[in-house]
Amino acid sequence: MGQRYARMDGRIRAFIEQQPVFFTATAPLAGDGHVNLSPKGRSGTLVVLDEQTLAFLDFGGSSAETVAHVREEGNGRITLMWCAFSGPPKVLRVHGTGEAVFRDDPRWSDYIGHFAEVDGPSARAIVVVHARRISDACGFAVPYMDYREERTQHAEHFGRKTDEEFAAYCAKKDHVGVSLDGLPALPLPLAARTDTV
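Heads up: these notes are all about the structure in this document.

Here we come to the environment of Pro88. Position of Pro88 relative to the elements: it lies in the loop between strand S6 (77–83) and strand S7 (91–102). Given a relative accessible area of 67%, Pro88 falls into the exposed group. The spatial distance from the C-alpha of Pro88 to the C-alpha of His154 is 30 Å, given a sequence separation of 66 residues.

Pasting the structure below:
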C-alpha cells in the first residue's frame, strides 16, 4: 500500500540517494504538446538540498524539453521517479514545481557547489525541484535488475571539449534553444561557466 510523506528525510532521502537512475516527466501546458520522459544517471548529479527540495544537473547531449517545460510561464510541473531494482520493492515519486538555473544566474555558483565533481563543460543548467507531493507505491511489478557500473562515455566525450566547443555544440543542435513544441528552452548562446567544479 502506497504512502504519502511530508518530507524527504530519513529512509526516503536514503532511498533517493542510493538509486543509480531516476526519471523525470514534464509536459507543456498545451494539450497537444509533447510529454517528455527522461532517464537520468551519472553519479553525483542529483542532490537532496533539504526536506522539500532536490536539484539535478541538466546535461548536453540531448534536447532541452525538461528545461523548456519548467521555464514555461504558468507551468513548471515536474515529476521525478525512482524504482528499486534491487532490495525491497518500491517506487517513489516526487511531484513538484521545477525551475531552471542557468550558468549566468547569480545562484549558479551556490547550487553547483552541492554536486560531486563534474568534469568538463557539459552541465548547461541546474533544475531545482520544489516538492509538492512525495509518495511511494509497492513496486511489486518492477523486475530485479543488477547494477553493474556507470557508463563513462558521456563524461569522457564532453570532458574533451572546451567550454567554447560545448557552447558551439549546443548552438547547432536541434531542440536545445527551442523545444519540440516551439517553447524557449536553453538560452543561446550558452553562457560560459565561471565556476571551478
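Having seen the structure, we can now continue with the description.
In this section: the pattern of salt bridges. Using the criterion set out here, one finds 7 salt bridges in the structure. The closest approach of N and O atoms between Arg13 and Glu17, which form a salt bridge, is 2.9 Å. Of this pair, Arg13 and Glu17 both sit in helix H1 (residues 10–18), 4 residues apart, which is roughly one turn of that helix. When the shortest N-O distance is used, the salt bridge between Asp105 and Arg107 registers 2.9 Å. Judged by relative accessible area, which is 31%, Arg107 ranks as partly exposed. Linked by salt bridges that have partners in common, Glu99, Asp105 and Arg107 make up one network.

Turning our attention to the pairing of strand S5 (residues 53–59). Counted residue by residue, S5 has 7 buried out of 7 residues, so it is predominantly covered. When strand S4 (residues 46–50) meets S5, the two strands line up antiparallel, connected through 4 bridges. Across the sheet, residue Val47 finds its bridge partner in S5, namely Ala55. Where S4 hands over to S5, the hairpin turn is made up of 2 residues, counted between the paired strands. As judged from the 7 bridges shared by S5 and strand S8 (residues 123–137), these two strands associate in the antiparallel manner. Bridge pairing in S8 places Ala55 opposite Val128.

Definitions and cut-offs
- Residues numbered from 1 in each chain as written.
- Predicted model: local features only at pLDDT ≥ 70, side-chain atom pairs only at ≥ 80, totals over all residues.
- Heavy atoms only, no water.
- Helix = DSSP H or I, 4+ residues; strand = E, 2+ residues; numbered from the N terminus.
- Buried < 20%, exposed > 50% of the residue type's maximum accessible area, 1.4 Å probe, protein only.
- Salt bridge = Lys/Arg side-chain N within 4 Å of Asp/Glu carboxyl O.
- Pairing = 2+ DSSP bridges.

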